[in-house]
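Given next are the chains, with one letter for each unit.
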Amino acid sequence: MPSPQQARAQASAITSGEAGEEASPTSQLRTLFDRPRLSPGQRRIARYLIEHLTEAAFLSITDLAERVGVSQPSVTRFASVVGFSGYPALRERLQAIALGALPGGPAEENRGNELQAAVDAEVGNLENLRRDFADPGRVLGTGRGLAASAPLTVLGLRISVSLAEYFAYAARRIHPDVRLVTRGGSVAYDALLQSREAGGTWVLAFSMPRHARETLTAMRVARGAGLKVALVTDLALGPLADEADVTFATGTGSRLVFDSYAAPGVLCAALLQAMTDADPERTQARLDEYEQVADQYRFFLGD
C-alpha cells in the first residue's frame, strides 16, 4: 500500500495532468479509492463520494457521516486508509476534483466543445485502462477460465445488451458453446441454471449505468448455482462488484446524453484475446472453419 505522501502525489499528478491526459472526475476518484483494501463500511463512503462528488466535496465530516449512515470516526479512518492525514486533507482533494468538473471550472475552460469534451473523457478512460493493463494477469487468468467453460454464458441486460452481444458474437468464432442471455427475470435464471447443469463454470456479466437490478439478482442466482462470475462494469465498488468473483472496472463516457463505451469495448477485445491465447489450437481450427463457411456463402462484400 502506498504511503500517504505517495498517494497524495499520485492524486495530484492525475488532477494536474502530469500523468498524461487529464482524467475524468470519476476516474480520479477511482484512482484514490479503488486500490486500497476497503471494508464494506468504507466502500459505502467511497461509493457515496463517487456518486455525489459535487455535493459531497463540500460537506463537513458530520454531514458526510450522516448522509452515508456511518460514524465520524469511520470517515476519519477512511481518509487515512486512502492515503490522507485526515478528513480535511481528503476534502481538499475532493474539492479540487469537483471544481474541475463544475461548469466554469478549469476543465470546462479548456475542454473545447461538447463533442470534443466527450472524446477527451474517453481518452482519459482509455489511459486508465492502459495503466490497469500494466499487470495483465487478471485478464489472462479470466480468459483461461472463460475459454475452459463449456458452455460459456454471457449476460447483459437493458443498456448492457450491446456489449454482451458484441462479446458473444466474437466469442462464438473461437468457442464451441456460447450462450447469450439478454432477458432478465425467470428467463435469465433458467438459462443460468441450464448452463450449470450442462457443465458450465463461468458467466461473463456486463453492467453499465444505469445498473439493472435484474443483473444483480441474476449474478446471485449464478453464484448460488455454483457458477463463477466475471463482471465488466464502471465501478469497482458496490453490490455488483461484491457478488462477482472477478471485477473489471473501467470508465464509461458520460458527457453526452447517452453513455459511450470506448474503454469497455477495448476490455472486451482484451478478454477475447486472452481466450484465444488460452487454447490456440482450438482457436485456429474454429477460425479456419468459419472462414471456409464465410467464403462458401459469401457472407461479406468483396469475397
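Just so it is clear, the model here is predicted, and its values are computed rather than measured.

Which residues make up the overall build of the chain, and what are the values?
Along the chain, the regular secondary structure elements total 16 helices and 5 strands. Residue burial in the chain is summarised as follows: out of 303 residues, 45% are buried. Looking at the chain alone, contacts between residues at least 24 apart form 69% of all its contacts between residues at least 6 apart. Carbon and sulfur atoms form 51% of the exposed surface of the chain, whose accessible area is close to 15200 Å².

Quick rundown of the sheet that holds strand β2 (residues 178-181)? Include the residues and the values.
If you walk across this open sheet you meet the 5 strands as β2-β1-β3-β4-β5, and the pairing is parallel. Of all strands in the sheet, those with a lone pairing partner are β2 and β5 (246-249), marking the two edges. Adjacent strand axes in the sheet meet at a mean angle of 15 degrees when their direction is disregarded. Lying on the sheet, helix α12 (residues 186-197) is in contact with β1 (152-156), β2 and β3 (202-207); it crosses β2 at an angle near 160 degrees.

A description of the confidence of the model for the chain should follow, citing residues and the corresponding values.
In the predicted model, the chain carries a mean pLDDT of 86, and the fraction of residues at 70 or more is 87%. Segment residues 105-109: pLDDT under 50, and 9 contacts once partners within four positions in sequence are set aside and those in other chains are kept.

I'd love a proper account of the nonpolar core, names of residues and values included.
By size, the foremost hydrophobic cluster in this structure holds 30 residues, and its most contacted members are Phe33, Phe78 and Leu90. When residues of this core are traced back to their parent elements, those giving at least two are α2 (25-33), α3 (40-51), α4 (53-56), α5 (61-68), α6 (72-81) and α7 (87-101). Apart from the residues within four sequence positions on either side, phenylalanine 78 is in contact with Phe33, Leu38, Gln42, Ile45, Ala46, Leu49 and Leu90.

So what's going on with the pairing of β1? Which residues, and what values?
Where burial is concerned, most of β1 is hidden: 5 out of the 5 residues are buried. Here β1 shows no split at all, with Leu152, Val154 and Gly156 on one side and Thr153 and Leu155 on the other all buried. Sheet topology places β1 next to β2; 4 bridges connect them, and they run parallel. From the neighbouring strand, threonine 153 faces β2, where its bridge partner is arginine 179. As for the winding sense of the linkage, the β-α-β connection from β1 through helix α11 (residues 161-171) to β2 is right-handed. In terms of strand pairing, β1 meets β3 through 4 bridges, oriented parallel. Among the inter-strand pairings, glycine 156 is bridged to a residue of β3, identified as phenylalanine 206.

Just give me the short version of the packing of helix α9 (residues 114-132) against helix α15 (residues 262-278), but keep the residues and values in it.
Interhelical geometry of α9 versus α15 gives an angle of 35 degrees and a closest axis separation of 8 Å. Each of Glu122, Asn125, Leu126 and Leu129 in α9 lies in contact with α15, whose residues at this interface are Ala262, Ala263, Val266 and Leu267. Partitioning the contact of α9 with α15 into residue classes produces 6 nonpolar, 1 polar and 1 charged.

Go over the pattern of salt bridges, please, and point to the residues and values.
For the structure shown, the criterion picks out 8 salt bridges. Aspartate 245 serves as the salt-bridge partner of arginine 223, at 3.5 Å between the closest nitrogen and oxygen. Of this pair, arginine 223 sits in helix α13 (residues 213-224) while aspartate 245 sits in the loop between α14 (239-243) and β5, placing them 22 residues apart in sequence. Given the relative accessible area of 39%, aspartate 245 is considered partly exposed.

Conventions we followed
Here the residue numbers are simple positions, counted from 1 along each chain's written sequence. This being a predicted model, a pLDDT of at least 70 is required before a residue's local features are given, and a value of 80 or more before pairs of side-chain atoms are given or counted; all residues contribute to the totals for chains, interfaces and linings. Water and hydrogen atoms play no part in the side-chain values, which are based on all heavy atoms of the structure. Helix and strand assignments come from DSSP, with helices taken as H or I runs of at least 4 residues and strands as E runs of at least 2, each series counted from the N terminus. Buried, partly exposed and exposed residues are distinguished by accessible area as a fraction of the type maximum, computed with a 1.4 Å probe on protein chains only: under 20%, between the cut-offs, and over 50%, respectively. Note on definitions: a residue-residue contact is assigned when non-hydrogen atoms from the two residues lie within 4.5 Å. Only the protein chains shown count as cover for residues, and the accessible areas themselves come from Shrake-Rupley with a 1.4 Å probe. When DSSP locates at least two bridges between a pair of strands, those strands are taken to pair. Note on method: axes are straight lines fitted to C-alpha atoms, helices fitted across the in-contact stretch only, with angles between N-to-C directions ranging 0 to 180 degrees. Summary of the metric used: pLDDT quantifies the predictor's per-residue confidence within the range 0 to 100. To form a nonpolar core, buried Ala, Val, Leu, Ile, Met, Phe, Trp, Tyr and Cys residues must be joined to one another through side-chain atoms within 4.5 Å. Think of it like this: strands point away, you trace from the first strand over the helix to the second, and a clockwise trace means the crossover is right-handed. Classes in brief: Ala, Val, Leu, Ile, Met, Phe, Trp, Tyr, Cys and Pro nonpolar; Asp, Glu, Lys and Arg charged; the others, Gly included, polar. The rule for a salt bridge is simple: a side-chain nitrogen of Lys or Arg has to be within 4 Å of a carboxyl oxygen of Asp or Glu.

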